[in-house]
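Notes for the structure review
Listed here are the chains, written in short residue letters.
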Amino acid sequence: MQNQLLFAQAGVEHRTHRPQRPAAPLKPMLDATIARLVEASPDLLVQLVERYGSPLHLVWPQNLVRNVEAFRAVLNAHGLRHQIFYGAKVNKSQALVCAAVKAGAGVDVSSIHEWRDAISAGADPQHLCATGPAKTRDFHAELIAGNALISIDSSEELQNLKACLRESGNSQEARKTQKARILLRFRPSLSRTSRFGMGADELLRCLRQLSQDSAQLAFEGFHFHLGGYAHETRAQALRELIPHVETARALGLQPKTIDIGGGMPIRYVDSDDYEAFLRAQHSSHYRNARVPEAFYPYGGRLDAFQWLNRFLESPSGHKDLSIAACFKAEDIALAIEPGRSLADQAAISVFRVTRVKPLAEGHVIFVEGSSFSACETWFSSEFLQDPILVPASNAPTASTTASTEEAGGAGLSSVFRAYIAGHSCLDDDVLTNRLIGFDRVPRAGDLLVYGNTGGYQMDLLENEFHRHPMPRRVAVHCNAAGGFDFSPDDPREQLDDIEQSD
Ligand SMILES: *Cc1c(COP(=O)(O)O)cnc(C)c1O
């Protein structure tokens, strides 16, 4: 963090010129029901923030259920045996884990805590899959006892698992019945330098061990997970993996499942808007005069379901079959572990404006909350969608021109532009370095609503810095009367002060 602070200070010196022309707007794509709450019920949003504090994360579990169903529809259309595991690390919301379980999905858990939360959400432990390279002994023991699927990251992990089986299966009875269900994590050539998974030689060593100890080690298949968002890289990885399926069979093993991990993309903004933004962007559009080097593909052309379809229609490199046809011909189930794409449209985050302050080069909007609750800037990038300004009804609205003068006389402009800063004393605590255009000047008490924050955005880095309490999550459900019901995100929480509303 120290480096980042120094880095940011260096950036200030480059902040010299005013923008030639404003950055192209990036209107968020919003689910229709969420848009109805934001646009038609601003007073309700203001009341919710009054009651639960700012920032407030509103979680929409029903949208995660809908995403599970949409994945399932693609997999069924191809006639595939399949398993969908919700990549639970994408969000700390328990309501979303419960929604995944309710939708009949399994859960991909990478810690004993994710595991326990999934069990508490009612998941059948046999429908859980544990990935991650650094599972502890206690985690292994719970996974074995629960008969969950374990993705083995290395031959070292396999030795640890075997030791765990030996130690936990002390009684004769346990020794007979305790088995570990195993996937082997493959490292495709595209991720040659990654620390996750195993290359061909190590994979073969593990396959041999599994074939020699089938009493305790139940081999079920292979797993990989790649960074990046291209379906072509997954198709390539699959083509590399198919020969290992043959090898496993030659050793007397029966691979039943191939798990291709997550990374299915979601769309945050219209693709044309996004491309126009990228073409026009300029260092003057950023308060630190620095265009970030990389962004998530916020305005990609494919949604997750189209992506999966493209993947399944790609050549498998095996007997001229498509990937879908190959899975069927080889009687192998396809498993996927979407995180971000299951959380698509499953949360929004609402920040209350504290004040607007003029600076030498423009304005800053201070909000109640921090960039830990909208965290892309901590990865030297930006969340490329504009927050929606929701005026608090009691604040008189001001035209851009009048308030620009009021806010410091920085000049007449048809668009008011500002960056957004959190409430901490860190210079780097900015929700966005990008200067965002508003058609009216935000006032204290107004709300800034960020759409679609469920995927790694809202709570990945949240903490109690400055002793601010952790932001609340509240689950929203539509009721039969067309209104909204609110409940604690975690059903284990007290139903204290949360009420219904219509
Ligand atoms: C993070 C992760 C996922 C989920 O990835 P998304 O990009 O959120 O879909 C799935 N599998 C593994 C092994 C992961 O580490």
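Heads up: these notes are all about the structure in this document. (Residues numbered from 1 in each chain as written. Predicted model: local features only at pLDDT ≥ 70, side-chain atom pairs only at ≥ 80, totals over all residues. Heavy atoms only, no water.)

1. So, the overall build of the protein
When its secondary structure is counted, the protein shows 15 helices and 18 strands. The burial tally for the protein puts 55% of its 502 residues in the buried class. Here the contacts in the protein between residues at least 6 apart in sequence split such that 72% fall between residues at least 24 apart. Working note: accessible area of the protein is about 21,700 Å², and carbon and sulfur atoms make up 50% of it. (Helix = DSSP H or I, 4+ residues; strand = E, 2+ residues; numbered from the N terminus. Buried < 20%, exposed > 50% of the residue type's maximum accessible area, 1.4 Å probe, protein only. Contact = heavy atoms within 4.5 Å. Areas by Shrake-Rupley, 256 points an atom, 1.4 Å probe, with all protein chains shown as cover.)

2. Examining the site of the ligand
Looking at the ligand, there are 13 residues lining it, with K89, G263, E337, R340 and Y456 nearest. Measuring from an oxygen atom of the ligand, one finds a backbone N or O atom of G339 at 2.9 Å. Y456 places a side-chain nitrogen or oxygen 2.5 Å from an oxygen atom of the ligand. Protein burial of the ligand: of its 390 Å² of free accessible surface, 88% is covered by the chains. Of the residues belonging to the shell around the ligand, the class tally is two nonpolar, six polar and five charged. (Near = heavy atom within 4 Å. Polar contact = N/O pair within 3.5 Å; in protein donor to acceptor, adjacent residues only side chain to side chain. Nonpolar A, V, L, I, M, F, W, Y, C, P; charged D, E, K, R; others polar.)

3. Focus on the pattern of salt bridges
Applying the stated criterion across every chain, the model contains 19 salt bridges. Between E368 and R352 there is a salt bridge, with its nearest N and O atoms 2.6 Å apart. Remark: R352 occurs in strand β10 (residues 347-359) and E368 occurs in strand β11 (residues 362-368); sequence separation between them is 16 residues. Classification of E368 as partly exposed rests on a relative accessible area of 26%. The residue R492 makes a salt bridge to D490 at a minimum N-O spacing of 3.0 Å. A single salt-bridge network, built from bridges that share partners, covers D117, D490 and R492. (Salt bridge = Lys/Arg side-chain N within 4 Å of Asp/Glu carboxyl O.)

4. Regarding the environment of L44
Within the element layout of this structure, L44 appears in helix α3 (residues 42-52). In this structure L44 comes out as buried when scored by relative accessible area, which is 13%. Each C-alpha atom, one on L44 and one on F484, is 9.9 Å from the other, the two residues being 440 residues apart in sequence.

5. Brief notes about the packing of helix α4 (residues 61-77) against helix α5 (residues 94-102)
With their axes 8 Å apart at the nearest point, α4 and α5 run at an angle of 35° to one another. Helix-helix and strand crossings are classified by hand; for α4 and α5 the assignment is right-handed. Along the contact surface, α4 presents P61, Q62, L64 and V65, while α5 presents A95, L96, A99, A100 and K102. Here the contact of α4 with α5 is composed, by residue class, of seven nonpolar, one polar and one charged. (Axes fitted to C-alpha atoms, helices over the stretch in contact; angles between N-to-C directions. Left-handed = near helix turned anticlockwise from the far one by under 90°.)

6. Digging into the nonpolar core
Within the largest apolar cluster, 84 residues are counted, with the highest numbers of intra-cluster contacts made by L184 and L312. If you tally residues by element for this core, the top one is helix α11 (residues 231-250), at seven residues. Excluding residues within four positions of it along the chain, L312 makes contact with V74, L75, H78, L80, S322, I323, A324 and L334. Counting 28 residues, the second-largest nonpolar core is a separate cluster that includes Y268, Y286, V353 and F383. (Core = buried A, V, L, I, M, F, W, Y, C linked by side-chain atoms within 4.5 Å.)

7. Re unusual backbone geometry
Omega for the peptide link from S54 to P55 comes to 0°, which places this bond in the cis form. One can find P55 in the loop between α3 and β1 (56-59). We note that R467 has phi near 65°; this positive angle belongs to a residue other than glycine. Its location among the elements puts R467 in the loop between β15 (447-450) and β16 (472-478).

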